[in-house]
Amino acid sequence: MSEPRTIALGENAQAIFGPLHRHVAQIQEAFRDPNAPRGTPAYRLTFDAQGDKLIITSGPGASAADFERAKRIIDSLLELANRKGRIREGEVLAAVAFSEGQSDTPGPMHLPQLGGLTLRTPRQVHYVGALRDENIDLIFSVGPAGTGKTFLAVAAAVEALKQERVDKIIVTRPAVEAGEKLGYLPGDLAEKVDPYLMPIWDAFRSQMSENDLKARRERRVIEVAPLAFMRGRTLSNAFVIVDEAQNATIQQMKMVLTRLGQGSRMVVTGDPTQIDLPNERMSGLDHALAILGKMRRIEVVRFTAQDVMRHDLVAEIVEAYDDDERRRRQAP
């Protein structure tokens, strides 16, 4: 065990420590050893707030790389505290996320051109890079809720529309919850599907005013339709978002992927762990990933629980469900 290391934080100490030293606890969680035997310290590094200093002590299995990573986290937070004077919980989690490995982006990326969005994990930076890359025509974005799959796709679509790189935005998703009852719901087509698209409309409203959104919808520059209504169409010069694609059948997925016309790009989002298809039918998303994932001009971005940007408890809930699913699959 090496000697403890001390980092002087000066006037930024309380901002980095957080209320009741909560930020320090979040940083320490990044160094938890999941394989630590019962009764032994669970952390490779422990962090102790003392006055205006942070004391870092090594535990079993600690390495020089762990200390280097800890320094990257603290340096990132010090820079943020110098600029803002205050640090939020999500910003601590972002600093932890960007400290893993050697990312080309050293920290959270603020994008004023995307409605002031801040990308808080390296995979989000990778995803937005793919969304903006004109050499990639089809992007699969898969992973748990709260990772920004749909929100960032909508933001990129609005950016492309405003820059006149596409003529329209088309949003579609399977209406699995409605099933055969869709036709009996009141209202026109958009009104029938709207209850299933509220997260998407919220994303649009973060990028444009309500009046602008309404006007573009009326002119069908922004169009919404259930997946079944894509059949027979050719979607040209459009930014197409296929949302909740884990609930598309293999036949539906093939149908919508082959709608892609000249000048169009498509983003397919979904969470393979939340399939609602009846009778345990194979998800068209899983099937498409298996047979298309390595083709040229196709990018697959896989988010994990570490990319969840909602309450930090959500990431732990996602991991718990993932662990339970793995156990059940391994059970005889």
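Bear in mind the structure is a predicted one, so any value in this text is a computation, not a measurement. Within every chain, residues take consecutive numbers counted from 1 along the sequence as written. With the structure being a predicted model, the display of local features is reserved for residues of pLDDT at least 70 and the display and counting of side-chain atom pairs for 80 or more, all residues being used for whole-chain, interface and lining totals. Working from all heavy atoms in the structure, the side-chain values ignore hydrogens and water.

S.K.: So what about the overall build of the protein? Which residues, and what values?
M.R.: Numbering of helices and strands runs from the N terminus; a helix is a DSSP stretch of H or I covering at least four residues, while a strand is a stretch of E covering at least two. A tally of regular secondary structure across the protein gives 12 helices and 11 strands. The buried share among the 332 residues of the protein stands at 45%. In the protein, once contacts between residues fewer than 6 apart in sequence are set aside, the share between residues at least 24 apart is 68%. Per-residue and other accessible areas follow the Shrake-Rupley method at a 1.4 Å probe size, with only the shown protein chains counted as cover for residues. Of the accessible surface of the protein, which amounts to about 17,800 Å², a share of 50% is contributed by carbon and sulfur atoms. Think of it in three bands: residues with accessible area under 20% of the maximum for their type are buried, residues over 50% are exposed, and the middle band is partly exposed, with areas taken using a 1.4 Å probe on protein chains only. Note on contacts: a residue pair qualifies if any of its non-hydrogen atoms lie within 4.5 Å across the two residues.

S.K.: Please give an account of the side chain of Lys-149 that cites residues and values.
M.R.: Note that Lys-149 resides in helix H6 (residues 149-162). Positive: Lys, Arg. Negative: Asp, Glu. His and the chain ends are not part of the count. We count a salt bridge whenever a side-chain nitrogen from Lys or Arg sits within 4 Å of a carboxyl oxygen from Asp or Glu. There is no salt bridge for the buried Lys-149, and the closest opposite charge comes from Asp-271, which lies 5.7 Å off by N-O distance. There is a polar contact of 3.0 Å between the side chain of Lys-149 and the backbone oxygen of Gly-143. Excluding anything up to four places from it in sequence, Lys-149 contacts Tyr-127, Ser-141, Val-142, Gly-143, Pro-144, Thr-269, Gly-270 and Phe-303. Contacts described as polar in this section are N or O atom pairs within 3.5 Å, which, within protein, must combine one atom able to donate a hydrogen with one able to accept it, while residues neighboring in sequence count only if both atoms come from side chains.

S.K.: I'd like to hear about helix H10 (residues 250-257), residue by residue, with values.
M.R.: Because an α-helix packs 3.6 residues into every turn, residues spaced three or four apart end up facing the same way. Those residues of H10 that fall on the buried side of the exposure criterion are Met-253, Met-255, Val-256 and Leu-257. As for H10, its buried residues are in contact with strand S6 (138-142), strand S7 (168-173), strand S9 (238-242), strand S10 (265-270) and helix H11 (284-292).

S.K.: How would you sum up the pattern of salt bridges? Please name residues and give values.
M.R.: The final tally for this structure, using the stated rule, is 19 salt bridges. Notably, a salt bridge pairs Arg-132 with Glu-159, separated by 2.9 Å at the nearest N-O pair. You can see Arg-132 sitting in helix H5 (residues 122-132) and its partner Glu-159 sitting in helix H6, a full 27 residues away along the chain. Accessibility expressed as a relative area gives 29% for Arg-132, which makes it partly exposed. By relative accessible area, which is 8% here, Glu-159 ends up buried. Between Glu-223 and Arg-233 there is a salt bridge, with the nearest N and O atoms lying 2.6 Å from each other. Taken together, the positions of Glu-223 in strand S8 (residues 222-226) and Arg-233 in the loop between S8 and S9 put the pair 10 residues apart, joining distant regions of the chain. Several salt bridges share partner residues, and in doing so they unite Arg-132, Glu-134, Glu-159 and Arg-165 into one network.

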